[in-house]
Amino acid sequence: MTPARLNKEYSKHRELHKKLDEYASDILSSESFQSTRVHVQHGSIPVHRHCIDVAKQSLTLSHILHARVNEREMTRGALLHDYFLYDWHNKEARPKGLHGYTHPDSALRNAQRDFDLSDIEKDIIRSHMWPLTLRRIPQCKEAWIVTLADKYCSTLETLKLKRGAAQQYIENRRRNQSVQG
Ligand SMILES: [Fe+2]
Ligand SMILES: [Fe+2]
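Residues numbered from 1 in each chain as written. Chains lettered and ligands numbered in written order. Predicted model: local features only at pLDDT ≥ 70, side-chain atom pairs only at ≥ 80, totals over all residues.

Okay, the overall build of the protein chain next. Helix and strand counts for the protein chain stand at eight helices and two strands. When its helices and strands are written in sequence order, the protein chain yields α-α-β-β-α-α-α-α-α-α. Here the protein chain holds 181 residues, and the buried ones make up 31% of them. Pairs at least 24 residues apart make up 64% of the contacts formed inside the protein chain by residues separated by at least 6 positions. (Helix = DSSP H or I, 4+ residues; strand = E, 2+ residues; numbered from the N terminus. Buried ≥ 20, exposed ≤ 12 C-beta atoms within 10 Å, placed from the backbone. Contact = placed C-beta atoms within 7 Å.)

Written as structure tokens, this is what we have:
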């Protein structure tokens, strides 16, 4: 990647992280959301990073589609869409049934307990596994976009495709800052 391209990518991710902080600093800094760093989602990607990637991808996608969305609620719903708070690879730790079907309910229950949710945020969490959960069709633009962004991010994670250099750079920088601070 050329320095100019890296710079552009870096600016893009910095802007996205600014929006995440603006809309959802309470979620991002909460102990329970932080605890999702230790649970693996797909491949070697923690749930924490997956949810942040889905939120950033949702903002990017809505921009590309020129969709008039409520960015704040879409971001918060995306961050909480997999807020199930257990290691889904561990049969003892998760509810009975297939994780793909059960975790939206677990995430919604936990999110309602810990945060005040709008109807859009509830819809995003409830319907994000569509079409697997056949009857839970997204009811708003924000939920459609998060559903698409989730599938996009999950596919990249499952196929273990490399993350962009700029994204890796900004994440390393943020991690170093938090260690120093
Ligand atoms: Fe999910
Ligand atoms: Fe997800």
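Anyway, onward from the coordinates.
Now for the packing of helix 4 (residues 71–80) against helix 7 (residues 141–158). Between helix 4 and helix 7, whose axes approach to 10 Å, the crossing angle comes to 40 degrees. If you check the angle between helix 4 and helix 7, you find them oblique. Both helix 4 and helix 7 take part in a crossing whose hand is right-handed. Two secondary-structure elements touch here, helix 4 through E73, M74, G77 and A78 and helix 7 through E142, I145, V146 and A149. Within the contact of helix 4 with helix 7, the residues separate by chemical class into five nonpolar, one polar and two charged. (Axes fitted to C-alpha atoms, helices over the stretch in contact; angles between N-to-C directions. Parallel < 35°, antiparallel > 145°, perpendicular 65-115°, else oblique. Left-handed = near helix turned anticlockwise from the far one by under 90°. Nonpolar A, V, L, I, M, F, W, Y, C, P; charged D, E, K, R; others polar.)

So, on to the packing of helix 1 (residues 3–29) against helix 4. One way to put it is that helix 1 packs onto helix 4 with a least axis distance of 9 Å and a crossing angle of 55 degrees. Taken together, the axis directions place helix 1 and helix 4 in an arrangement best described as oblique. Read as a crossing pair, helix 1 and helix 4 show a hand that is right-handed. Between helix 1 and helix 4, the contacting residues are K19, L20, Y23, A24 and I27 on the first element and E71, R72, T75, R76, L79 and L80 on the second. Residue classes in the contact of helix 1 with helix 4 are distributed as six nonpolar, one polar and four charged.

A separate point is helix 4. Among the 10 residues that make up helix 4, eight are buried, leaving the element largely enclosed by the rest of the structure. Looking at helix 4, one finds that the buried residues are E73, M74, T75, R76, G77, A78, L79 and L80. Residues of helix 4 that are buried in the fold lie against helix 1, helix 3 (47–64), helix 5 (99–114), helix 6 (119–127) and helix 7.

Once that is clear, we can look at the nonpolar core. Counting 31 residues, the largest nonpolar core has A55, A78 and V146 as the members making the most contacts within it. What A78 contacts, discounting residues up to four positions off in sequence, is C51, V54, A55, S58, I124, V146 and A149. (Core = buried A, V, L, I, M, F, W, Y, C linked by C-beta atoms within 7 Å.)

Here we take up the environment of V40. When you line up the elements, V40 lands in strand 1 (residues 40–42). For the pair V40 and Y86, spaced 46 residues apart in sequence, the C-alpha separation works out to 9.6 Å. Contacts of V40, omitting those with residues within four sequence positions, involve I45, P46 and H89.

This part is about helix 7. Between its terminal C-alpha atoms helix 7 stretches 26 Å, which fits the 26 Å expected from 18 residues at 1.5 Å a residue. Residues of helix 7 that are buried: E142, A143, W144, I145, V146, T147, A149, D150 and C153. Taken together, the buried residues of helix 7 touch helix 3, helix 4 and helix 6. Just downstream of helix 7, K160 is the residue with a positive phi angle, here 55 degrees. (Expected span 1.5 Å × (residues − 1).)

Between W130 and P131 the backbone carries a cis peptide bond, its omega angle lying at 15 degrees. Residue position: P131 is located in the loop between helix 6 and helix 7. In the Ramachandran plot, H66 falls in the positive-phi region, its phi being about 55 degrees despite a non-glycine side chain. Tracing the sequence through the fold places H66 in the loop between helix 3 and helix 4.

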